[in-house]
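Breakdown of the fold
Each chain, letter by letter, is given below.
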Amino acid sequence: DAGVTQSPTHLIKTRGQQVTLRCSPKSGHDTVSWYQQALGQGPQFIFQYYEEEERQRGNFPDRFSGHQFPNYSSELNVNALLLGDSALYLCASSRDGRYEQYFGPGTRLTVT
Amino acid sequence: DQQVKQNSPSLSVQEGRISILNCDYTNSMFDYFLWYKKYPAEGPTFLISISSIKDKNEDGRFTVFLNKSAKHLSLHIVPSQPGDSAVYFCAASGRGTSYGKLTFGQGTILTVHP
């Protein structure tokens, strides 16, 4: 039973560029959440997708957007990258109605 | 505004002894609490959770205690093993604007010495 997978593992981008990160949820899960984890901090909630719609959003600017596909996989898009966007981006999946979320290994984004 | 706080950045314990990790929260809308363990270069791994209708939940070597009046929870690991060395995060979720999202503490680095 495959767990949550994310791609790519690492990414280096330049300020002002755009990036797309991808996530496949754990089998049987229909809800995907995205988190940003800065060094030495706990993960910060970006948003959650369910039934292909954004259901809940954290305190992140509109430069952060996402999408969920009919097979429940998801993408996180970040436009106009800033140096401060450098972080580990974590995807988590869950079953609707359940609090427990299961995390992927993350994508390490470096903005130079 | 840090709604979930882990005030101890690190904890060092001898193998075989008890590890106690603490967490405080401020948001009364939180009604479900979780602990995650994170190794370097991996995503957080779910360990154990507790609903606000309980004050204790046990799973093998791991026990979580919840004191709602104090808005405090703790994770006990007995006996501690070197493989338990990792960063531990507590997280909270709940109703209203907290529904569906996990709010994390800053983490505590646990080191278990052989």
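Whatever comes next refers back to the structure up there.
The structure displayed is predicted, hence computed values, not measured ones.

1. Observations regarding the overall build of chain A
In terms of regular secondary structure, chain A is built from 0 helices and 11 strands. Here the C-alpha radius of gyration of chain A, 13 Å, is about what a compact globule of 112 residues would show, namely 13 Å. Of the roughly 5,400 Å² of accessible surface on chain A, 46% is carried by carbon and sulfur atoms. The positive charge centre, built from 10 side chains, and the negative charge centre, built from 11, are 9 Å apart in chain A.

2. Some details on a nonpolar patch on the surface
Residue and element names in this part refer to chain B. On the surface, Ile-18, Ile-20 and Val-78 cluster together into a nonpolar patch covering about 220 Å² of accessible area. Following the sequence through the fold, Val-78 ends up in the loop between β8 (72–77) and β9 (86–94). Assessed through its relative accessible area of 42%, Val-78 is described here as partly exposed.

3. Observations regarding the interface of chain B and chain A
At the interface, 23 residues of chain B touch 22 residues of chain A. Note on chain B versus chain A: buried area summed over both sides is about 1,700 Å², and carbon and sulfur give 57% of it. Where chain B packs against chain A, one counts 0 salt bridges. Here chain B and chain A share 7 residue pairs in polar contact (both at pLDDT 80 or more) between them. If you list the elements that add at least two residues to the side of chain B that touches chain A, you get β4 (30–38), β5 (45–51) and β9 of chain B. Counting residues per element, the side of chain B that touches chain A draws most heavily on β4 of chain B, at 5 residues. Classifying every residue of the side of chain B that touches chain A by side-chain character gives 9 nonpolar, 10 polar and 4 charged.

4. Observations regarding the packing of aromatic side chains
Summed over the entire model, instances satisfying the criterion amount to 14 aromatic pairs over all chains. Taking 5.3 Å as the distance between ring centres and 85° as the angle between the ring planes, the aromatic pair formed by Phe-47 of chain A and Tyr-49 of chain A counts as edge-to-face. Each member of the pair Phe-47 of chain A and Tyr-49 of chain A is classed as buried. On the numbers, 4.6 Å between centres and 40° between planes, the contact of Tyr-25 of chain B with Phe-33 of chain B is tilted. For Phe-33 of chain B, a relative accessible area of 1% corresponds to the buried category. A network of ring pairs unites the aromatic residues Tyr-35, Phe-45, Tyr-102 and Phe-103 of chain A together with Tyr-36, Phe-46, Phe-89 and Phe-104 of chain B as a single cluster. Above the face of the Tyr-102 of chain A ring, Lys-26 of chain A is positioned so that its terminal group lies 5.8 Å from the ring centre.

5. Describing the nonpolar core
Among the nonpolar cores identified, the biggest contains 23 residues, and Phe-33, Trp-35, Leu-73, Leu-75 and Tyr-88 of chain B are the most heavily contacted of them. Of all the secondary structure elements, the ones that give two or more residues to this core are β3 (19–25), β4, β5, β7 (62–67), β8, β9 and β11 (108–113) of chain B. Sequence-distant contacts of Tyr-88 of chain B, that is, excluding residues within four places in its chain, are made with Gln-6, Leu-21, Trp-35, Tyr-36, Lys-37, Leu-47, Leu-75, Ile-77, Gly-107, Thr-108 and Leu-110 of chain B. Grouped together as the second largest cluster of nonpolar side chains are 20 residues, Val-19, Phe-60, Leu-76 and Val-78 of chain A included.

6. Things to note about the sheet that holds strand β3 (residues 19–24) of chain A
The strands that make up a sheet are held in pairs by hydrogen bonds between backbone atoms, and each pair lies either parallel or antiparallel. Residue and element names in this part refer to chain A. Overall, antiparallel pairing links the 4 strands, which are arranged β1-β3-β8-β7 in an open sheet. Each edge of the open sheet carries a strand with a single partner, namely β1 (5–7) and β7 (64–68). Across this sheet, the average inter-strand angle for adjacent strands is 20°, counted without regard to direction. Two elements, β1 and β3, share 3 bridges in a ladder whose sense is antiparallel. Among the inter-strand pairings, Gln-6 is bridged to a residue of β3, identified as Cys-23.

Quick notes on the rules
- Residues numbered from 1 in each chain as written.
- Chains lettered and ligands numbered in written order.
- Predicted model: local features only at pLDDT ≥ 70, side-chain atom pairs only at ≥ 80, totals over all residues.
- Heavy atoms only, no water.
- Helix = DSSP H or I, 4+ residues; strand = E, 2+ residues; numbered from the N terminus.
- Rg over C-alpha atoms; globule rule 2.2 N^0.38 Å.
- Areas by Shrake-Rupley, 256 points an atom, 1.4 Å probe, with all protein chains shown as cover.
- Lys, Arg positive; Asp, Glu negative; His and termini not counted.
- Charge placed at Lys NZ, Arg CZ, Asp CG, Glu CD.
- Patch = residues over 30% accessible without salt bridge, like charges linked within 9 Å, V, L, I, M, F, W, Y side chains within 5 Å.
- Salt bridge = Lys/Arg side-chain N within 4 Å of Asp/Glu carboxyl O.
- Buried < 20%, exposed > 50% of the residue type's maximum accessible area, 1.4 Å probe, protein only.
- Contact = heavy atoms within 4.5 Å.
- Buried area = accessible area lost by both parts, 1.4 Å probe.
- Polar contact = N/O pair within 3.5 Å; in protein donor to acceptor, adjacent residues only side chain to side chain.
- Nonpolar A, V, L, I, M, F, W, Y, C, P; charged D, E, K, R; others polar.
- Phe/Tyr/Trp six-rings, centres within 6.5 Å; stacked < 30°, edge-to-face > 60°.
- Lys NZ or Arg CZ within 6 Å of the ring centre and 35° of its normal.
- Core = buried A, V, L, I, M, F, W, Y, C linked by side-chain atoms within 4.5 Å.
- Pairing = 2+ DSSP bridges.
- Axes fitted to C-alpha atoms, helices over the stretch in contact; angles between N-to-C directions.

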